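Results of the structural survey
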Amino acid sequence: AQSVAQPEDQVNVAEGNPLTVKCTYSVSGNPYLFWYVQYPNRGLQFLLKYITGDNLVKGSYGFEAEFNKSQTSFHLKKPSALVSDSALYFCAVLPPGGYSGAGSYQLTFGKGTKLSVIP
Amino acid sequence: GAGVSQSPSNKVTEKGKDVELRCDPISGHTALYWYRQSLGQGLEFLIYFQGNSAPDKSGLPSDRFSAERTGGSVSTLTIQRTQQEDSAVYLCASSLGPRGVYNEQFFGPGTRLTVL
């Protein structure tokens, strides 16, 4: 079974500094990876996804993520943090086959990382 | 355009009562998902509907939980004889389809359920 780990419950970063939110995964085969963001009292919003191709994926609001197969990681990054980036971030994995075959379509989520950007 | 909507946004109920949570997916989306978000448990998959196929109920935690999707659109999640451990935010998501580039799931704002 697949799993996702977000090792940090909370990340604090000063406004204007680069930010990284870590994610590692465990799945057999080639994973499909996602990042979602949840603002207070709001639903999850899609940020970006990795399916295949370039290991560096660019997404919404200036975020990007780097897929590293050897380290089974998919860390979320942004060069310069904004106070408005403060939110809860979730990494998720879709099992192989979920994109082109008969595999599961169930997203498995990490437990989330609370990002606080300090003015 | 309109996103996924859910109602009610908040629901407070007494232990033992039944509750119904509603989800309106994005028009044209054939796939619909229910997840539960609770403290310490993260996001858990509950149930999945795709078109007219039989739903995947593998994530439902007990037989007190059930869901329907009428006409391939609106879905209702029902929890019977609610327990305090059912307190959580229930999230609905929809996508164009389960596979290919259409798997991107769009989430509603959720229903916060509190069982007293």
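Computed from a predicted structure; not experimentally measured. (Residues numbered from 1 in each chain as written. Chains lettered and ligands numbered in written order. Predicted model: local features only at pLDDT ≥ 70, side-chain atom pairs only at ≥ 80, totals over all residues. Heavy atoms only, no water.)

Quick word on the side chain of His75 of chain A
Residues and elements named next belong to chain A. Under the convention used in this document: The helix and strand labels rest on DSSP assignments: H or I over at least four residues marks a helix, E over at least two residues marks a strand, and numbering proceeds from the N terminus. Under this definition, polar contacts are N or O atom pairs within 3.5 Å; protein pairs additionally need one hydrogen-donor-capable and one acceptor-capable atom, and for neighbouring residues in sequence, both atoms have to be side-chain atoms. Should any heavy atoms of two residues lie within 4.5 Å, those residues are considered in contact.
Its place among the elements puts His75 in strand β9 (residues 73-78). Here the side chain of His75 touches Cys23 through a polar contact of 3.0 Å, landing on its backbone nitrogen. Among residues more than four places away in sequence, those in contact with His75 are Thr20, Val21, Lys22, Cys23, Thr24, Trp35, Glu64, Ala65 and Glu66.

What to know about the state of the cysteines
The condition that has to hold: When two cysteine sulfur atoms lie within 2.5 Å, the pair is treated as a disulfide. Exposure classes here rest on a 1.4 Å probe applied to the protein chains alone. A residue is buried below 20% of its type maximum, exposed above 50%, and partly exposed in between.
Under the definition given, this model contains 2 disulfides over all chains. Between the sulfur of Cys23 of chain A and that of Cys91 of chain A lies a disulfide, 2.0 Å long from S to S. A torsion of -65° about the S-S bond marks the disulfide between Cys23 of chain A and Cys91 of chain A as left-handed. Of this pair, Cys23 of chain A sits in the loop between β3 (19-21) and β4 (24-26) while Cys91 of chain A sits in strand β10 (residues 87-94), and the two are 68 residues apart along the sequence. For the pair shown, Cys23 of chain A and Cys91 of chain A are each scored as buried. Sulfur-sulfur distance for the disulfide between Cys23 of chain B and Cys92 of chain B comes to 1.9 Å. A torsion of -65° about the S-S bond marks the disulfide between Cys23 of chain B and Cys92 of chain B as left-handed.

A few points about the nonpolar core
To keep things clear, this is the line we draw: Only buried Ala, Val, Leu, Ile, Met, Phe, Trp, Tyr and Cys residues count toward a nonpolar core, and they belong to the same one when joined by side-chain atoms within 4.5 Å.
In this structure, Trp35, Leu47, Leu48, Phe74, Leu76 and Tyr89 of chain A are the most contacted members of the largest nonpolar core, which totals 28 residues. Per-element tally for this core: the top contributor is β10 of chain A, with 4 residues. Grouped together as the second largest cluster of nonpolar side chains are 21 residues, Phe46, Tyr105 and Phe109 of chain A together with Leu91 of chain B included.

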